[in-house]
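Letter by letter, the chains look like this.
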Number of protein chains: 2
Amino acid sequence: MSVHPPTSGPVQLGPGAHAVLRPVDGAVITGGLLYERRRTNADVSIPDGHTRLVEAGNFHNLRLAAGTADGAYRNTLPFLDSDLYKWLEAVAWLRSAGTVPAAEATRLDGWVDDAVALLTAAQQPDGYLQSYFQVVRPDEHFIDLEWGHELYCAGHLIQAAVAHVRATGRTDLLAVATRVADHIADRIGPGFCGHPEIETALVELYRATGADRHLALARQFLDARGHRSLRADRFGSEYWQDHLPVRTADAVTGHAVRQLYLLAGVADVYLETGETALLDAAERLWTDLVTSKTYLTGGLGAHHTDEAFGEAYELPSERAYAETCAAIASIQFSLRMLLATGRAKYADLLERTLYNGFLSGVSLSGDHYFYANPLRAGDGGPARTRWFTCACCPPNVMRLLASAQHYLAAQDENGLLLHQFVAGEYAVSLAAGPIALRVETDYPWHEEINIHIGQSTDRPWTLTLRVPAWATEYRAHLNGEPVAEQPVDGWLRINRRWSVGDAVRLDLAMPARLTAPHPRVDALRGSLAIERGPLVYCVEALDQPHTLDDLVLDPDAPLTTGNRPDLLGGSVTVTATARVRTTEQERWWPYGPTPVSTVLGKAVRLTAVPYHLWGNRGPGAMRVWLPTS
Amino acid sequence: MSVHPPTSGPVQLGPGAHAVLRPVDGAVITGGLLYERRRTNADVSIPDGHTRLVEAGNFHNLRLAAGTADGAYRNTLPFLDSDLYKWLEAVAWLRSAGTVPAAEATRLDGWVDDAVALLTAAQQPDGYLQSYFQVVRPDEHFIDLEWGHELYCAGHLIQAAVAHVRATGRTDLLAVATRVADHIADRIGPGFCGHPEIETALVELYRATGADRHLALARQFLDARGHRSLRADRFGSEYWQDHLPVRTADAVTGHAVRQLYLLAGVADVYLETGETALLDAAERLWTDLVTSKTYLTGGLGAHHTDEAFGEAYELPSERAYAETCAAIASIQFSLRMLLATGRAKYADLLERTLYNGFLSGVSLSGDHYFYANPLRAGDGGPARTRWFTCACCPPNVMRLLASAQHYLAAQDENGLLLHQFVAGEYAVSLAAGPIALRVETDYPWHEEINIHIGQSTDRPWTLTLRVPAWATEYRAHLNGEPVAEQPVDGWLRINRRWSVGDAVRLDLAMPARLTAPHPRVDALRGSLAIERGPLVYCVEALDQPHTLDDLVLDPDAPLTTGNRPDLLGGSVTVTATARVRTTEQERWWPYGPTPVSTVLGKAVRLTAVPYHLWGNRGPGAMRVWLPTS
């Protein structure tokens, strides 16, 4: 089996025939917040994930399919295999980074070998592979397209296989995945999956193998969708984006993760086909997504019942669903849109989602997870959970953290672009020759970002740095002198003949700031949030001197920041001022003639911590949005 | 079989050994809003309900149990029988009113005869009766107490049987129900039902039969609950109020209808046993309910997923679940608390719920229903539905409307008390002799209530009228002279020797008013609602000159009311003033530095209609709470 491009290295998304930007060939994260969370991911989450998958029966179920185990199928959900695939993908990206100690590497490789052997054994001679339908409903393959998740599971298998081949060069898992893809192509007819995911995976399989048929199948699924051919069932065709073709839909609808994986697939098919109707649709839906259906944290999905988007501006804090998987899917979608268009706004949203609505999904300890990521919690919690019956989120966190280096930098023919600021080594091969640079920064905690050129060429090239939309003040210096260039559309581009040792310093001023909601958001009227740099802050009850819900923010009092190396693994807090609200004597009925009389008492200090760190000190009340009256 | 009290007439809840108040023996509604809705209930809803029950398979399923039909069990829910029982109860109360034309009475009685015969045939020799478990899971009786709804169905059967005997004097259905109750007593052991309902029903069966064992069983179920013996399952023990014993629980939790039916049962057991720990618990939980978990409309339940209460003050408008059944259960609970304590606040809540969150549950046409009753809707709806797969609400509406005369007046040894103001004839038998009065009013549309004494005795007795909490101004006249007495705790009591022809006029001033939310309700901050008398108002998009969500209420402009006999079956509208909000040029990100600049443009007229009438002119946007900025 040929693998194309044979030496692409451990990157996703390469090359993208119609991409404006491409991921960098080499990126190594060497320090900072993401580095720490990735270390926990490697040391705790991924090994713990193996234990959980064993406990939850994911391996057992595949052994049933392989005929090497007895007993009942574990769990009633049909998509358990996908948890294992996401975990396998995480292991592959982790191994590709080359940072795993030898003993641990041996253990990981043994797990991978066992899993690949198991999947190979479980796969039917015709290519079919999904343990649930092999064991529980063997006569119903490709019938329950609405809920069966067969193509969804295949998509995650494909993604794991592509990661595996890129990390190891081994094509054994890719062979399994390709047989699955081809079996689906043979059998699926005009159908498609109730849960998108395979579309983006097939494009990646096309990139890995060069086989056009995979790209064609991805496009076929995009074309087939949107004609109400799936059973509407409980939530309507909008739930699985089957109410309108993707090229004409004008609003994101339904199940958030389904919508976002679909959009990642739309962007991917555009990247390889250049069909502008797809790019137009993706841009239109991305705009709808962010203008009225995205939480301040980047979280997505306002409804618990159907894990779905609400109406425009329906963004309740307590019941924010904001599934961790939706944040991951949004990051994947935004990255593809960045590569397709080169527009900085996609990197802005990616950053916001990464450091807030995504990172909140896993505990600092690396072994507890939020499925939903609300922006307000009452006294009782919620608390992160060890694992879930529907365990889509934990291994999804693992694979994103393990592949985070792919989400930071990009290249075009003119040079290298840093759209995220993470301490690390970045290298690309331009036509003029290889270049490399080192980033030193403690971002997002601190504003200073230093870039050192480590390798260059004789010819000029462009170093491009994003100036985030939140950064209303910045300073840039080159070798100590102010940079003359001005940012255009969020990008600061410095074109010159770079020499080894050249140093760029970018300072993105990070005063804590207050943020107001759009006036149409009923749930947030009269409230403000605290942000600093790319981080959204929250207040947790245990840091406050009074009952959280009686603290009223004084929007005119100054905000101060404090370095707290002792707190939550090292963080920066923001202190604000609040007044203690006393409500008129309690009535049996909470509504009354206007105005309800309240008294704002003494001023107290309100301490805010980064949202992504909330709930790491036990369950308790929390708020992102603070009332001002 | 003896029926006790044999001549109690068509009332519920009688006599109540420890009741402070008792329902009146006779109440006949003769005009006004409730009269009209009851007429539609009789003319449309109840006959239509029969058609729907036939279509939905409710009769078919019981025929399967009786062995008189073939085929598959219809629907996968185990509690379909209860829909039929509620409809049967509605028919009984309708027939008891004696207002049905002869031809229609014959049709109704035929349906009842057929249903009673069917239930008699379907009941097993051992007394078991629930078609689902007889047909689908015959070996699993009383095993799945969490979700099986076996006792819940039995409770509704009992309530139907009690209504039937009170309406007709016939004991055939009561015999079936009593055998079911006794079979449950034999078989249930220490168990109890995941869905309360049988508790209140058993007390009513005790009242109808005088058999202590039914009251004892109700109490046994109260005692058994609250020790986490039901499987916690997905939503935790709080979902079915099994986390704390009812006597020590201090907050309403979980599934709203379950909680409220349970509390109706708690109040009922208190009414017959006088156990003060039960009354204390019921008062405590009622207070928790209304102070922080009740919508302005009286609606209850903030979560769709588990049909459950949210946290204190978590009351989002769009996603208000506010199930119609929860409003009904709340009305039943409040009535029992009124009878137990004589406190006017229970009648206040009952009135609010009846005219707002309950009545919204059914269309003006009487054949479409809301399951959820939100306080805000977007452009797309929702719309009322003809029937539901889970059709608990429609026949529940039917039985409450058909028995509404029981919810208006009460008596004690001193006289008669009107806690609701509905045109009608009210009669009670005091120790001193029978008394009767006639109420003439167009309440809740208009403020004038006239009471004419039609029968009296030589001895003095007390006429008690509620002065609602919303009524900050009132006037009372007796035979044209101002009444000297002042209301105490919501009750205006006039004790005298009443003569036939005496006339009392009560005017409850009904200026339209603005109502503010409690400052802890995030979802409502900066918003006001329009109310008039006991009615909550809403604005529907189709009445407004501009996009609803851009209208900002001017709280200082006057409100005016308008009689609209042409609108929605005759109603009173309220007109307010709004400014049209223009938001700064749209950004791709809806959050920004404070303050977000908005421009309030020209003043326009905002037309509000009673909330319970919304959605009767097609789906569209609607708001109860209006932003003021």
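For the structure, check the block above.
Residues numbered from 1 in each chain as written. Chains lettered and ligands numbered in written order. Predicted model: local features only at pLDDT ≥ 70, side-chain atom pairs only at ≥ 80, totals over all residues. Heavy atoms only, no water.

## Some words on helix α6 (residues 150-168) of chain A
Every α-helical turn comprises 3.6 residues, leaving residues that sit three or four positions apart pointing alike.
All names here are of chain A.
Piece 1. Compared with an ideal rise of 1.5 Å per residue, which puts 19 residues at 27 Å, α6 spans 27 Å between its outermost C-alpha atoms and is within 8% of the ideal.
Piece 2. Summarising burial for α6: 17 of the 19 residues are buried, a large majority.
Piece 3. Downstream of α6 by one or two residues, Gly169 has phi in the positive range, about 75°. (Helix = DSSP H or I, 4+ residues; strand = E, 2+ residues; numbered from the N terminus. Expected span 1.5 Å × (residues − 1). Buried < 20%, exposed > 50% of the residue type's maximum accessible area, 1.4 Å probe, protein only.)

## A short note on the sheet that holds strand β11 (residues 481-482) of chain B
Piece 1. Taking strand neighbours across the sheet as the criterion, the seven strands line up as β2-β6-β7-β8-β13-β10-β11 (chain B) in an open arrangement whose pairing is antiparallel. Only two strands of the sheet have a single partner each, and these edge strands are β2 (26-29) and β11 of chain B. (Pairing = 2+ DSSP bridges.)

## Topic: the interface of chain B and chain A
Piece 1. Contacts between the two partners involve 56 residues from chain B, matched on the other side by 57 residues from chain A.
Piece 2. Taken together, both faces of the contact between chain B and chain A bury some 4800 Å²; the carbon and sulfur share is 54%.
Piece 3. On the chain B side of the interface with chain A, the three residues burying the most area are Arg525, Trp588 and Tyr591 of chain B, jointly 17% of the side's total.
Piece 4. On inspection of chain B and its partner chain A, the count reaches six salt bridges.
Piece 5. Between Arg623 of chain B and Asp522 of chain A there is a salt bridge, with the nearest N and O atoms lying 2.9 Å from each other.
Piece 6. Listing elements by their share of the side of chain B that touches chain A, those giving two or more residues are α11 (276-292), α13 (344-358), β14 (513-516), β15 (527-532), β19 (571-583), β20 (592-593) and β23 (625-627) of chain B.
Piece 7. With four residues, α13 of chain B is the single largest residue contributor to the side of chain B that touches chain A.
Piece 8. Among the residues making up the side of chain B that touches chain A, the classes are represented as 22 nonpolar, 16 polar and 18 charged.
Piece 9. As paired strands, strand β14 (residues 513-516) of chain A and β20 of chain B are joined by two bridges and run antiparallel to one another. Opposite Thr515 of chain A, over in β20 of chain B, you have Pro593 of chain B as the bridge partner. (Contact = heavy atoms within 4.5 Å. Buried area = accessible area lost by both parts, 1.4 Å probe. Salt bridge = Lys/Arg side-chain N within 4 Å of Asp/Glu carboxyl O. Nonpolar A, V, L, I, M, F, W, Y, C, P; charged D, E, K, R; others polar.)

## Looking at the side chain of His141 of chain A
All names here are of chain A.
Piece 1. Looking at where His141 falls in the secondary structure, it is placed in the loop between α5 (131-135) and α6.
Piece 2. A distance of 3.4 Å separates a polar atom in the side chain of His141 from the backbone oxygen of Pro138.
Piece 3. Excluding residues that lie within four positions of it along the chain, His141 makes contacts with Gln124, Tyr128, Phe133, Gln134, Glu150 and Arg187. (Polar contact = N/O pair within 3.5 Å; in protein donor to acceptor, adjacent residues only side chain to side chain.)

## Overview of the pairing of strand β18 (residues 560-564) of chain B
Each regular strand carries side chains that alternate between the two faces of the sheet.
Piece 1. The sheet contact formed by β18 of chain B and β19 of chain B spans five bridges and is antiparallel. In the strand pairing of β19 of chain B, Arg564 of chain B is matched with Ser571 of chain B.

## Examining the sheet that holds strand β4 (residues 409-412) of chain A
Residue and element names in this part refer to chain A.
Piece 1. Across the sheet, five strands lie side by side as β1-β4-β5-β9-β12; this open sheet has mixed pairing. In the strand order of this sheet, the two ends are held by β1 (22-23) and β12 (491-496), each with one partner.
Piece 2. With four bridges joining them, strand β5 (residues 415-418) and strand β9 (residues 461-466) adopt parallel strand pairing. Each residue of the ladder has a partner; that of Gly415, found in β9, is Thr462.

## Considerations on the packing of aromatic side chains
Residues and elements named next belong to chain A.
Piece 1. All chains considered together, the criterion is met by 40 aromatic pairs over all chains.
Piece 2. Taking the centre distance of 5.5 Å and the plane angle of 75° together, the rings of Tyr73 and Tyr132 count as edge-to-face. One end of the pair, Tyr73, is in the loop between α2 (58-66) and α3 (80-96); the other, Tyr132, is in helix α5, with 59 residues separating them in the sequence.
Piece 3. Assessed through its relative accessible area of 13%, Tyr73 is described here as buried.
Piece 4. The exposure class of Tyr132 is buried, given its relative accessible area of 9%.
Piece 5. By way of ring pairs, the aromatic residues Trp147, Phe235, Tyr239 and Trp240 are connected into one cluster.
Piece 6. We note Arg496 situated over the ring of Trp498; from NZ or CZ to the ring centre the distance is 5.2 Å. (Phe/Tyr/Trp six-rings, centres within 6.5 Å; stacked < 30°, edge-to-face > 60°. Lys NZ or Arg CZ within 6 Å of the ring centre and 35° of its normal.)

## A look at the relation of the copies chain B and chain A
Piece 1. When chain B is fitted onto chain A, the two copies agree to an RMSD of 0.1 Å after a turn of 179° and an axial shift of 0.0 Å. A rotation of that kind, with that shift, is consistent with a two-fold axis.
Piece 2. A high fraction, 100%, of the interface residues of chain B reappear at the interface in chain A, so the copies pair face to face through one surface. (Least-squares fit on C-alpha atoms with pLDDT ≥ 70 in both.)

## Regarding the environment of Asp182 of chain A
Residue and element names in this part refer to chain A.
Piece 1. You can see Asp182 is positioned in helix α7 (residues 172-187).
Piece 2. Linking Asp182 and Ser96, residues 86 residues apart in sequence, is a C-alpha distance of 27 Å.
Piece 3. In this view, Asp182 contacts Arg213 and His214; residues no more than four positions away in its chain are not counted.

## Remarks on α11 of chain B
Piece 1. With 17 residues, α11 of chain B should cover 24 Å at 1.5 Å per step; its first-to-last C-alpha distance of 24 Å lies within 8% of that length.
Piece 2. In terms of burial, α11 of chain B is largely enclosed, as twelve of its 17 residues are buried.

## Some remarks on the pattern of salt bridges
Two side chains that carry opposite charge are able to pair once their charged atoms sit near each other.
Piece 1. Per the stated rule, a full pass over the model turns up 92 salt bridges over all chains.
Piece 2. The partner of Glu104 of chain B in a salt bridge is Arg107 of chain B, with the nearest N and O atoms 3.2 Å apart. Note that Glu104 of chain B and Arg107 of chain B are positioned in helix α4 (residues 102-122) at a spacing of three residues, about one turn of the helix.
Piece 3. One salt-bridge network, held together by shared partners, links Arg166, Glu204, Arg207, Asp268, Glu272 and Arg336 of chain A.

## Focus: the side chain of Gln259 of chain A
Residue and element names in this part refer to chain A.
Piece 1. One can find Gln259 in helix α10 (residues 256-273).
Piece 2. For Gln259, a relative accessible area of 3% translates into the label buried.
Piece 3. Contacts of Gln259, omitting those with residues within four sequence positions, involve Gln241, Ala251, Val252, Thr253, Leu285 and Phe309.

## Observations concerning the packing of helix α10 (residues 256-273) of chain B against α11 of chain B
Residue and element names in this part refer to chain B.
Piece 1. The contact between α10 and α11 brings their axes to 8 Å, and the two run at 145°. For the pair α10 and α11, the sense of crossing is left-handed. Packed against α10, whose contacting residues are Gln259, Leu260, Leu263, Val266, Val269, Tyr270 and Thr273, the element α11 presents Thr276, Leu278, Leu279, Ala282, Leu285 and Leu289 at the interface. (Axes fitted to C-alpha atoms, helices over the stretch in contact; angles between N-to-C directions. Left-handed = near helix turned anticlockwise from the far one by under 90°.)

This is a description of form; function is not addressed.
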